[in-house]
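Each chain, letter by letter, is given below.
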Amino acid sequence: MSPATTTVSRVITKEELCLLEQVPARCGIIIFGASGDLTHRKLLPSLFTLAQENLLPKRFYILGVARTPMSDSVFQAKALESLRSSGTAAAREEFVRRC
């Protein structure tokens, strides 16, 4: 049995691949373990970047679930702190309002 050959006309970059998919009209993002370190170091900054690059819908929300009791305002303050070095203050405030 001979190995199959594949012809590739061109390689699609990650950015082009993201643009091939349609952005949904609205969505909800649920983060389990939202009070944890991973959420604040990696997930929220990554989601913020996606929002800034218009790769998230205009209408989305982020719902955090965790074992640690936390009010919405406390979670939003922590989210704002985790984004302190990203984007503009207005963009950060707009993003955090969705949390």
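Look up a bit, the structure's there.
Now for a description of the structure that goes with this document. (Residues numbered from 1 in each chain as written. Predicted model: local features only at pLDDT ≥ 70, side-chain atom pairs only at ≥ 80, totals over all residues. Heavy atoms only, no water.)

## Observations regarding the overall build of the protein chain
When you go through the protein chain residue by residue, the secondary structure sums to four helices and two strands. Its helices and strands in sequence order give the protein chain the pattern α-β-α-β-α-α, from N to C terminus. Per-residue burial over the protein chain gives 24% buried out of 99 residues. If you take every contact in the protein chain between residues at least 6 apart in sequence, the share linking residues at least 24 apart comes to 70%. Surface summary for the protein chain: the accessible area is close to 7,600 Å², and the carbon and sulfur share equals 56%. (Helix = DSSP H or I, 4+ residues; strand = E, 2+ residues; numbered from the N terminus. Buried < 20%, exposed > 50% of the residue type's maximum accessible area, 1.4 Å probe, protein only. Contact = heavy atoms within 4.5 Å. Areas by Shrake-Rupley, 256 points an atom, 1.4 Å probe, with all protein chains shown as cover.)

## Things to note about the packing of helix H2 (residues 37-52) against helix H4 (residues 89-96)
H4 packs onto H2 with a crossing angle of 110° between their chain directions and a minimal axis gap of 11 Å. With respect to H4, the axis of H2 lies roughly perpendicular. Residues Leu44, Leu47, Phe48, Ala51 and Gln52 of H2 form the contact with H4, whose participating residues are Ala91, Arg92 and Phe95. Taken together, the residues of the contact of H2 with H4 sort by class into six nonpolar, one polar and one charged. (Axes fitted to C-alpha atoms, helices over the stretch in contact; angles between N-to-C directions. Parallel < 35°, antiparallel > 145°, perpendicular 65-115°, else oblique. Nonpolar A, V, L, I, M, F, W, Y, C, P; charged D, E, K, R; others polar.)

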